[in-house]
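Structural overview for review
Each chain, letter by letter, is given below.
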Amino acid sequence: FGDRAMVLEMNDSRDLAESRPLDSRAVLFSILGFWLFYVIIVTLRAMIMDFPAQGEMALRRGFVTGVGIFITIGLWLILRLLDRKPLWTRVIAVSLISIPCAVGISAVNYYFFNVYDPAGLMDIERAFPEKDHPMIMEIAEVAISRYFFLIAWASLYLALGFSQDVREAERRTARFARAAQSAELRALRYQVNPHFLFNTLNSLSALVMRGRRDEAETMIMNLSTFYRTSLSGEPSEDVELAEEIELQKLYLDIEAVRFPERLQVRIDLPAELASAAVPGLILQPLVENAIKHGVSQTNRPVLIDISAAEAEGQLILTVTDNGPGSTQDNADHDGPGGIGLVNVRDRLAARFGERASIAHGPVAGGGYRVCLTLPLVRHAG
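Residues numbered from 1 in each chain as written. Predicted model: local features only at pLDDT ≥ 70, side-chain atom pairs only at ≥ 80, totals over all residues. Heavy atoms only, no water.

Notes on the overall build of the chain
Cut-off, in case you're wondering: Each helix is a run of DSSP H or I of at least 4 residues and each strand a run of E of at least 2, with the numbering of both proceeding from the N terminus. Note on contacts: a residue pair is in contact if any heavy atoms of the two residues lie within 4.5 Å. With residues, only the protein chains shown are counted as cover, and all accessible areas are computed by Shrake-Rupley using a 1.4 Å probe.
Scanning the chain for helices and strands turns up ten helices and seven strands. Pairs at least 24 residues apart make up 78% of the contacts formed inside the chain by residues separated by at least 6 positions. Just so you have it, the chain exposes about 20600 Å², and 61% of that area is on carbon and sulfur atoms.

Here's the deal with the pairing of strand E7 (residues 368-375)
Selection criterion: Using a 1.4 Å probe on the protein chains alone, a residue whose accessible area is under 20% of its type maximum counts as buried, one over 50% counts as exposed, and one in between counts as partly exposed. Pairing between two strands is assigned when DSSP locates at least 2 bridges connecting them.
In terms of burial, E7 is largely enclosed, as seven of its eight residues are buried. Relative to E7, strand E5 (residues 314-321) runs antiparallel, the two being bridged by eight bridges. Looking at the pairing, Ile 316 lines up with Thr 373 of E7. In this structure, strand E6 (residues 357-362) lies alongside E7, joined through six bridges in antiparallel fashion. Paired with Ser 357 across the two strands is Thr 373, which belongs to E7.

A look at the pattern of salt bridges
Put simply, the test is: Salt bridge, as used here: a side-chain nitrogen of Lys or Arg that lies within 4 Å of a carboxyl oxygen of Asp or Glu.
Inspection of the entire model under this criterion finds five salt bridges. Residues Lys 249 and Glu 246 are paired through a salt bridge, measuring 3.3 Å at the closest nitrogen-oxygen approach. With Lys 249 and Glu 246 both in helix H8 (residues 241-258) and three residues apart, the pair spans about one turn of that helix.

Looking at the packing of aromatic side chains
Applied cut-off: Aromatic pairs are defined between Phe, Tyr and Trp rings, using the six-membered ring for Trp, whenever the two ring centres lie within 6.5 Å; interplanar angles under 30 degrees are classed as stacked, those over 60 as edge-to-face, and all others as tilted. Two conditions define a charge sitting above a ring: the NZ of Lys or the CZ of Arg must be within 6 Å of the ring centre, and it must be within 35 degrees of the ring normal.
For the coordinates displayed, the defined rule picks out eight aromatic pairs. Arranged with centres 6.0 Å apart and planes meeting at 65°, the rings of Tyr 38 and Phe 149 form a pair that is edge-to-face. Placement of Tyr 38 in helix H2 (residues 24-48) and of Phe 149 in helix H6 (residues 135-209) is noted, with a sequence separation of 111 residues between them. By relative accessible area, which is 16% here, Phe 149 ends up buried. Between Tyr 147 and Phe 148 the ring centres are 5.6 Å apart and the planes differ by 80°, which places this aromatic pair in the edge-to-face class. Of the residues examined, Tyr 147 reaches a relative accessible area of 19% and is grouped as buried. On the accessibility criterion, Phe 148 (54% relative accessible area) is exposed. An aromatic cluster of three or more residues is present, and its members are Phe 34, Trp 35, Tyr 38 and Phe 149. In this structure, Arg 80 is placed above the aromatic ring of Trp 76, and the distance from its NZ or CZ to the ring centre is 5.0 Å.

Quick look at the sheet that holds E6
Condition: Think of each axis as a best-fit line through the C-alpha atoms, taken over the contacting stretch in the case of a helix, with angles from 0 to 180 degrees between the N-to-C directions.
One open sheet accounts for five strands, arranged E2-E4-E5-E7-E6; its pairing is mixed. For this open sheet the edge positions go to strand E2 (263-268) and E6, each flanked by a neighbour on one side alone. Neighbour to neighbour, the strand axes of the sheet diverge by 10° on average, direction disregarded. Helix H9 (residues 284-295) rests against E2, strand E4 (302-311), E5 and E7 of the sheet, and its axis sits at about 150° to E4.

Things to note about unusual backbone geometry
Phi at Leu 281 takes a positive value of approximately 60°, unusual for a residue other than glycine. Positionally, Leu 281 belongs in the loop between strand E3 (277-279) and H9. Relative accessible area serves as the criterion here: at 0%, Leu 281 is assigned to the buried category. Despite not being glycine, Glu 312 has its phi angle at roughly 55°, a positive value. Here Glu 312 is to be found in the loop between E4 and E5.

What to know about the nonpolar core
Inclusion rule: For our purposes a nonpolar core is just a set of buried Ala, Val, Leu, Ile, Met, Phe, Trp, Tyr and Cys residues, chained together by side-chain atoms within 4.5 Å.
Judged by nonpolar contacts, the single largest core of 47 residues is most densely connected at Leu 241, Leu 283, Ile 304, Leu 315, Leu 317 and Leu 372. Those elements giving two or more residues to this core turn out to be H6, helix H7 (213-230), H8, H9, E4, E5, helix H10 (340-352) and E7. Broken down by element, this core gets its largest block of residues, eight residues, from H8. The residues contacting Leu 283, other than those within four sequence positions of it, are Glu 244, Ile 245, Gln 248, Ile 306, Leu 317, Val 319 and Leu 372.

Section: a nonpolar patch on the surface
Formally: Candidate patch residues must exceed 30% relative accessible area and have no salt bridge, after which like charges are joined if within 9 Å and Val, Leu, Ile, Met, Phe, Trp or Tyr side chains if within 5 Å.
A cluster of nonpolar side chains, Leu 36, Ile 40, Leu 44, Met 47, Ile 48 and Met 49, forms an exposed patch at the surface whose accessible area comes to about 620 Å². The topology assignment puts Ile 48 in helix H2. Its relative accessible area of 71% is what places Ile 48 among the exposed residues.

Digging into the confidence of the model for the chain
Convention followed: pLDDT measures how confident the predictor is about each residue, on a scale from 0 to 100.
Predicted confidence across the chain gives a mean pLDDT of 79, with 78% of residues reaching 70 or more. Throughout residues 1-10 the model reports pLDDT below 50, and contacts reaching past four residues in sequence, or to other chains, amount to five contacts. The model gives residues 12-18 a pLDDT under 50, and that stretch makes seven contacts with residues more than four places away or in other chains.

Remarks on the environment of Val 344
As for its position among the elements, Val 344 is in helix H10. Taking the relative accessible area as the measure of exposure, Val 344 reaches 0% and is therefore buried. Other than its neighbours up to four places away in sequence, Val 344 contacts Ile 282, Pro 285, Leu 286, Ile 358 and Leu 372.

Some remarks on the packing of helix H3 (residues 54-80) against helix H4 (residues 87-115)
The geometry of a pair of packed helices is captured by two quantities: the angle between their axes and the separation between those axes. Just so we agree on the cut-off: Geometric relationships in this document are graded by angle, where less than 35 degrees denotes roughly parallel, more than 145 denotes roughly antiparallel, 65 to 115 denotes roughly perpendicular, and other angles denote oblique. In a left-handed crossing the near helix is turned counterclockwise from the far helix by less than a right angle, and in a right-handed crossing that turn is clockwise. Only Asp, Glu, Lys and Arg are considered charged in this grouping, and only Ala, Val, Leu, Ile, Met, Phe, Trp, Tyr, Cys and Pro are considered nonpolar; every other residue, Gly among them, is considered polar.
In contact at an axis separation of 10 Å, H3 and H4 are set at 160° when each is read in the N-to-C sense. With respect to H4, the element H3 is oriented roughly antiparallel. Crossing angle aside, the handedness with which H3 passes H4 is right-handed. Across the interface between the two elements, Met 57, Arg 60, Arg 61, Phe 63, Val 64, Val 67, Gly 68, Ile 71, Leu 75, Ile 78 and Leu 79 from H3 touch Val 94, Ile 97, Ser 98, Cys 101, Gly 104, Ile 105, Val 108, Asn 109, Phe 112 and Phe 113 from H4. Each residue belonging to the contact of H3 with H4 can be placed in one class, and the counts come to 15 nonpolar, four polar and two charged.

Okay, structure coming up:
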């Protein structure tokens, strides 16, 4: 368990240090989408204002757009190097790096519409004779609009990156929560086995000291079968209810060696509930309490009744005994150093949260009953 937890911690630490970059295709599509929007808006403006030489203007506008796309891709490649930096660092970098990019796009725009083949745009010059600004002023004017254009795209890029960081953080939080739940379930499950083994070894010791060797041998064989079966599964995984019942039968066989005249057992497991999924050894503390506070506290026969039922999509598991029962009201911890009902309650809460519950108390006429209510889920196996 320690090795698996260490691997999980190392993997999550590596995830924290290495955030996944944005999908390159999504970024490229965003760049193309922004520039396509620019081309559509400028072309519509030219058509509405009925500019002459629109074919020539569209061709040159296409060249400017192509250069703009490559410059924006260059801006993205620079920003990608800062993906792991704080958000304020990236915002400042976007504000500064976009300035030369905007000036570059504006200079290319000026070249194609003012320097390259002016004769091709003579109609434009005749239509707008006042359009005779100094080169620096015209480049600066266009650069300002392109600057805010690039800032708009960069804001989208930063927003996408921040959104992905949030999703990654949520995934890591979910993994940590699952790991914590698994660790808690394992810890609670591992409390059961040493507790049960301690009691069983005490009983075995008593049999040996009394010279009841055959009964001690039977107990040892049952104990071996019980642990081989119970330890073969993953502690944090559920088991079939039928398997859980079989484990309790093994345990009761062990206790029957101690109380051959007093222990009586009745099990009611409907066939349709045999495949229901339950936490492994969830019934063990309940049956053990029935032995300790029921069978061992009296000289008369005591019946332990284990039953399963379904009600409104819930699985109802009940362990009842007709022993004295009075000592169990304060037996949540099953005595000093024990686990008892607290372990069962904690395991149900860790596994199912508020969807599961435990109720217990004396039975009218004598005895004690513990009732578990948990979601009815079929075991995957």
